[in-house]
Amino acid sequence: MAFSIGIEALVQSVILEDTLYKDEGLCVLGIFGKSAMQMGVLKESLINTLADKHIFSLFGGVEENNSENGSLIQAVYSQENRVLYLVLTSVYDNRQLLRACETLSMELGHSDAQDLWKGMDKQHCLHLLYLFSLCHVLILVQPNCAFDVTYDRLFRALDALRQKVLPLIRAAVKDTQVSKEWKLNCRPCPPRLLFVFQINGALKVPTGTDSAGTSDKPKKHSPRRRLQHALEDQIYRIFRKSRVLTNQSSNCLFSVPANQAFVYVVPGPAEDPLGALLGHLRSSCALREQDSNSSLTGPRRYQQIRRLARLPHTNVDYSGVSGQLVDCSLKDFLWQHIDLVLTKKGFDDSVGRNPQPSHFELPTYAKWVQVACKLHQVLIHNTEEDSAEFALKVQSQLKVLEGFLDADAKFSENRCQKALPLAHSAYQSNLPHNYTTTVHKNQLAQALRVYSQHARGVAFQRYALQLHEDCYKFWSNGHQLCEERSLTDQHCVHKFHLLPQPGEKPDMDHNPPVLHHNSRGRSTNACNCGRKQAPREDPFDIQSANYDFFLMVEDKCCAKLERVDFPVFEPSTQDPAPAPASACVEAPCPGSDGSAPPSQGEKLKDPQPATAASGSAAHSHTPVDCTGLSLALSLGQSTDSMGPYGEADGSDVSAKRPSLVDRQPSTVEYLPGMLHTGCPKGLLPKFSSWSLVKLGPAKSYNCHTGLEQPGFLPGSSFLLPWDLVIRSRSSEEDTGLAEPLDGGGSSWPAPNKSLVGKRGCTGGLGRGRRRDDVARAFVGFEYEDSRGRRFLSSGPDKIVKVLGPGGAKEPASRVLNTDMPLYVPSPAQGRGLKPHYAQLMRLYILVPDAPLEITLNPQVQPGALPCPVFHPERTELVLPADGLWVLRFPYSYQTERGPCYPPKENQPLSAYKVLRGILRAATVSPPPPQLLNC
């Protein structure tokens, strides 16, 4: 076979041997090492020299196949010499290295490139183990004249790997036709390792024709031979120190001869390459002439050919001038070791006092191929199902190579392992026993900063992920705080727990514990009517915030008061479902274009007020009890009130009245949050977050004493007067009914007309009035902070303060014609740096006993846009005359997507507001007189 073939093709193909060579033994010679980018690569030129054939080109080495592992073993079989050459090429050859670098540069990160390179390194070790298990002689080729000490680490890794996979190899070759010693040791003999170095003309061998008298004491050995001896001593000391070589060669990965040279230095290329080629040609021709003179045939001719082929290329005289030994050729150096194999003498490389002979076997080609095929399936490439299990076990043992091969990865592992405790300490420093996700992320970021200061190398990312997992396990193992936040934006102080099911009691011993949420925040709030205060826990759901607490206090105070019940969801099934959040489309808030909604005075100055007044009068004929209003009518009013909320034109109402499907509420799905402008039509909540109760008649309020309720700051419990002009209806003044009644500039009486009666504090002007009478209503916006301190406001940034008798002097027109803030700074700030806010909780409306109709339409925007506008389940409520009404606002606001939290320190309070136009007044026409039948 005068050409090279891949090892996989060799073990799978059938080569027909000549009958002359069939029963003779076979010497297997393996070649591995490194090669440089130069013409005439040393590894391939060795085969050309030993086989005396041009097998490998001088301009290129072994052709690269499409194998994924990047390593390749090429085989050259010389039947005449009974030698099988195996040449291993890998990424340690520069041509293969360049191709591997091109693969590594294809958008791979540093960590991925490191993993790919480690994979190539492991595959190279498996191929080397394959050679060390099949070869008699191995040649390590180095393209320079210095020994690479990294081979010491590589050989120790191979030795450790061989000891791990030795039972697997024994099981694989137990059925082959080889000796018991081969099956036990899994190799024909301890292979002998030879070293071939190359020197680039730095040392030159003298020709022997130099002048003999130039030196008195000529040296016995040439410089090249002295270099070979020095390299032998250096290599032997290194391997003995690292325990790669021991006294017993059978226990070692390889052996080196004790009394023979095992290092050869190839001289550099000649200065005249053409002359060197001609010299090789002449020597070959002289050999062929000697062969032509011989007339032997048959086996004797075969023996002569083998003897002549092993002779050196040139006639070398080993007794040179002046006693200096002449250097032998590379073929002579190698054949003295190959002859020991072919003559079945074997290698006796054990040293010491009691050297033990090592086993040796010279197999035939058929037996060797049988073993090589089994090992190839186990170590390199699995092609049969029977060997799949062995191959997987071999791959699992490759971890033993990591500590030997990749020193950078080992250093990185040690460095990262030392950095982990420092990072853990940084994470656990100044930590409370239970903490939230935000604290966990902040501490983890600090731990990663400390880790990145100390960790280095390819293991950085892997140990960073381990740091993530360790910190998360520490946090979740009894240190995780409940992540639920209250409606006031305070988190629960309990550790991670479960909520008790209906009828279930809290259980601290359960894992995780079963508890109710608690933020340890407590506040003081008044009831619906404001006459009784009680402490309350920080709420975590909208029902406990706006319904349950007030229902509990209501039983002790205002349960018997007259009230207006808002419509709520009435289920028709046993398991009603909440409406999906996707069904609620956020509607733009009023004034979302940047302009404020029109004020009450501007609406009353509309050029078509008579129709609005008549429409209001039409509503006044409804029963006094607002609970008697039909649900369809209330929903219709709620739908119409989403426009400019001063328009009550009867024609517009009839034109905008929704269809029957839109006006009927759903009895299957309920609204999970509160009612606002973005909610779909026909959905109602399960409870109302608003309350409207009647404290008593109009005379129950005294303007000299104010509201006699607990918690008010001194002088801040006085309602603001709201003067309304009442005109007697006559035929000539039909058009005057729609003039503003809120005490504006046009509400004063005409000149030379006097008002009848005095301004009573309770609004009681008497029923006998003449034209242009004035009735007085009272309005009060009450704010309440978390400590129970309450006060009424006379403007967006002003508190009512009455120090003397007579009640409040500021008119209510200012608070009615502007957007009132939902939150204001509390006048009683604590000692802490965090500001306290007071929230608008109640609106007091005193309706006098007069022919007036006051319409209530609250609209609250608890946040900046696109926050929706909240309103009760019934809008455009007409308050009956002669009563002191209290509208209680919700404690918290929540949509289907989550709560609207109170403002923080850096948020402007102007975005949280109650829209103007909350009250509207109109004159009511007296009923027509009834004639009595006599």
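Residues numbered from 1 in each chain as written. Predicted model: local features only at pLDDT ≥ 70, side-chain atom pairs only at ≥ 80, totals over all residues. Heavy atoms only, no water.

### A few points about the sheet that holds strand β7 (residues 263-266)
Logical step 1: Taken together, the 7 strands give an open sheet; going across it, the order is β1-β3-β4-β2-β5-β6-β7, and neighbouring strands pair in mixed fashion. Of all strands in the sheet, those with a lone pairing partner are β1 (5-6) and β7, marking the two edges.
Logical step 2: Note that strand β2 (residues 27-33) and strand β5 (residues 137-142) share 5 bridges and pair parallel. Across the sheet, residue F32 finds its bridge partner in β5, namely L140. (Pairing = 2+ DSSP bridges. Helix = DSSP H or I, 4+ residues; strand = E, 2+ residues; numbered from the N terminus.)

### Considerations on a nonpolar patch on the surface
Logical step 1: A cluster of nonpolar side chains, L274, L278 and L281, forms an exposed patch at the surface whose accessible area comes to about 290 Å².
Logical step 2: For L274, the location among the structural elements is in helix α8 (residues 273-293). (Patch = residues over 30% accessible without salt bridge, like charges linked within 9 Å, V, L, I, M, F, W, Y side chains within 5 Å. Areas by Shrake-Rupley, 256 points an atom, 1.4 Å probe, with all protein chains shown as cover. Salt bridge = Lys/Arg side-chain N within 4 Å of Asp/Glu carboxyl O.)

### With respect to empty space enclosed by the protein
Logical step 1: Per the stated rule, a full pass over the model turns up 4 cavities of 30 Å³ or more.
Logical step 2: Around the second largest cavity, the lining residues are K118, D121, K122, L401, E402, L405 and D406.
Logical step 3: At 3 residues, helix α4 (residues 110-132) tops the list of elements feeding residues into the lining of the second largest cavity.
Logical step 4: Taken together, the residues of the lining of the second largest cavity break down into 2 nonpolar, no polar and 5 charged. (1 Å grid on protein atoms, 1.4 Å probe; cavity = no way out; pocket = protein on both sides within 12 Å on 5 of 7 lines; lining within 4 Å. Points joined across faces, edges and corners; volume = space filled by probe spheres on them. Nonpolar A, V, L, I, M, F, W, Y, C, P; charged D, E, K, R; others polar.)

### Examining the packing of helix α5 (residues 150-173) against helix α11 (residues 365-380)
Logical step 1: Axis separation between α5 and α11 bottoms out at 9 Å; the angle between their running directions is 135°. Relative to α11, α5 is oriented oblique. As for how α5 packs across α11, the hand of that crossing is right-handed. For the pair α5 and α11, the contacting residues are I169, A172 and V173 in the first and V371, K374, L375 and V378 in the second.
Logical step 2: Residue composition of the contact of α5 with α11, by class: 6 nonpolar, no polar and 1 charged. (Axes fitted to C-alpha atoms, helices over the stretch in contact; angles between N-to-C directions. Parallel < 35°, antiparallel > 145°, perpendicular 65-115°, else oblique. Left-handed = near helix turned anticlockwise from the far one by under 90°. Contact = heavy atoms within 4.5 Å.)

### Concerning the nonpolar core
Logical step 1: Ranked by size, the top nonpolar core spans 100 residues in total, and within it F32, L86, Y130, F155, F195, F254 and W368 carry the most contacts.
Logical step 2: The greatest single-element share of this core, amounting to 12 residues, is contributed by α5.
Logical step 3: Setting aside residues no more than four positions away along its own chain, Y130 makes contact with I7, V11, I73, A372, L375, H376, L379 and I380.
Logical step 4: If you look at the next biggest cluster of nonpolar residues, it comprises 79 residues, including M674, L816, V914 and L919. (Core = buried A, V, L, I, M, F, W, Y, C linked by side-chain atoms within 4.5 Å. Buried < 20%, exposed > 50% of the residue type's maximum accessible area, 1.4 Å probe, protein only.)

### Notes on the pattern of salt bridges
Logical step 1: Across all of its chains, the model carries 16 salt bridges by this definition.
Logical step 2: Notably, a salt bridge pairs E782 with R842, separated by 3.0 Å at the nearest N-O pair. Taken together, the residues span a long stretch of sequence, with E782 in strand β15 (residues 773-784) and R842 in strand β20 (residues 837-847) at a distance of 60 residues. Residue E782 shares its accessibility class with R842, and that shared class is buried.
Logical step 3: Look at the salt bridges and you will find they share partners, linking E782, E784, R790 and R842 into a network.

### Concerning helix α17 (residues 542-554)
Logical step 1: Here α17 is 13 residues long and its end C-alpha atoms lie 18 Å apart, about the 18 Å a rise of 1.5 Å per residue gives.
Logical step 2: Bending of α17 peaks at approximately 35° at the position of D548.
Logical step 3: Along α17, the residues that are buried comprise I542, S544, A545, N546, F549, F550, V553 and E554.
Logical step 4: Against β8 (522-526), β9 (533-537), β10 (562-564), β20, β24 (883-888) and β25 (893-895) lie the buried residues of α17. (Expected span 1.5 Å × (residues − 1). Bend = angle between axes of the 7 residues up to and from the residue.)

### Section: helix α10 (residues 330-342)
Logical step 1: Along its 13 residues, α10 runs 18 Å from first to last C-alpha, staying within 8% of the 18 Å computed at 1.5 Å per residue.
Logical step 2: Along its length, α10 shows its largest kink, about 30°, at Q336.
Logical step 3: Counted residue by residue, α10 has 11 buried out of 13 residues, so it is predominantly covered.
Logical step 4: K344, located one to two residues past α10, shows a positive phi value of around 60°.

### Some remarks on the side chain of T436
Logical step 1: Locating T436 in the fold gives a position in the loop between α14 (407-428) and α15 (437-454).
Logical step 2: Among all residues touching T436, those that are not within four sequence positions of it are W475, L481, E483 and H491.

### Structural notes on the packing of α14 against α15
Logical step 1: Close contact between α14 and α15 brings their axes to 8 Å; oriented N to C, the two are set at 150°. Taken together, the axes of α14 and α15 are roughly antiparallel relative to one another. At the point where α14 passes α15, the crossing takes the right-handed sense. Side by side, α14 and α15 meet where R415, C416, A419, L420, L422, A423, A426 and Y427 of the first sit next to H440, Q443, L444, Q446, A447, V450, Y451 and H454 of the second.
Logical step 2: By residue class, the composition of the contact of α14 with α15 is 11 nonpolar, 4 polar and 1 charged.

### Comments concerning the packing of aromatic side chains
Logical step 1: Within this structure, the stated rule accounts for 27 aromatic pairs.
Logical step 2: Each ring, one from Y427 and one from Y435, has its centre 6.5 Å from the other, and the planes form 70°; the classification is edge-to-face. Y435 matches Y427 in its accessibility class, with the two residues each being buried.
Logical step 3: Between the aromatic rings of W690 and F889, the centroid separation amounts to 5.7 Å while the plane-to-plane angle is 55°, which identifies the pairing as tilted. Separated by 199 residues along the polypeptide, W690 in the loop between β12 (669-670) and β13 (691-696) and F889 in the loop between β24 and β25 bring together distant segments of the chain.
Logical step 4: Between the NZ or CZ atom of K686 and the centre of the ring of Y670, over which it lies, the distance is 4.9 Å. (Phe/Tyr/Trp six-rings, centres within 6.5 Å; stacked < 30°, edge-to-face > 60°. Lys NZ or Arg CZ within 6 Å of the ring centre and 35° of its normal.)

### Re the pairing of strand β3 (residues 72-78)
Logical step 1: Summarising burial for β3: 7 of the 7 residues are buried, a large majority.
Logical step 2: Residues L72, Q74, V76 and S78 point to one face of β3 and I73, A75 and Y77 to the other, with burial holding for every one of them.
Logical step 3: Taken together, the 2 bridges between β1 and β3 define a ladder with antiparallel strand orientation. When the sheet's bridge partners are listed, I5 is paired in β3 with A75.
Logical step 4: Judged from the 7 bridges that link them, β3 and strand β4 (residues 83-89) form a sheet pairing that is antiparallel. Following the sheet pairing, S78 is matched in β4 by V83.
Logical step 5: Linking β3 to β4, which pair antiparallel, is a turn of 4 residues; within it R82 sits at a positive phi near 55°.

### Regarding the confidence of the model for the chain
Logical step 1: Considering every residue of the chain, the mean pLDDT works out to 75; 72% of them sit at 70 or more.
Logical step 2: In this model, residues 61-70 is a region of pLDDT below 50 whose contacts with residues beyond four sequence positions or in other chains number 20 contacts.
Logical step 3: When the criterion is pLDDT under 50, residues 730-740 qualifies, and its contacts beyond four places in sequence or with other chains add up to 18 contacts. (pLDDT = per-residue confidence, 0-100.)

### Here we look at the state of the cysteines
Logical step 1: Following the criterion strictly, the structure yields 0 disulfides and no others.
Logical step 2: Free of any disulfide, C529 has its nearest cysteine sulfur in C527, 3.4 Å distant.
Logical step 3: Judged by relative accessible area, which is 0%, C529 ranks as buried. (Disulfide = S-S within 2.5 Å.)

### Notes on the sheet that holds strand β28 (residues 919-923)
Logical step 1: Taken in spatial order, the 3 strands of this open sheet run β23-β21-β28, and their pairing is antiparallel. Each edge of the sheet is formed by a strand with only one pairing partner; in this case those strands are β23 (877-879) and β28. Going across the sheet, the axis of each strand differs from the next one's by a mean of 30°, ignoring polarity.
Logical step 2: Judged from the 3 bridges that link them, strand β21 (residues 852-856) and β23 form a sheet pairing that is antiparallel. Looking at β23, one finds that I854 is bridged to L879.

### A short note on the environment of A698
Logical step 1: Looking at the element boundaries, A698 is found in the loop between β13 and β14 (720-726).
Logical step 2: Considering only alpha carbons, one finds A698 and A881, 183 residues apart in sequence, at a separation of 8.3 Å.

### What to know about unusual backbone geometry
Logical step 1: Here the amide bond leading from L865 into P866 is cis, since omega sits at 10°, within 30 degrees of zero.
Logical step 2: Inspection of the secondary structure puts P866 in the loop between β22 (860-862) and β23.
Logical step 3: For R243, which is not a glycine, the phi torsion comes out positive at approximately 65°.
Logical step 4: Take R243: it is sitting in the loop between α7 (223-241) and β7.

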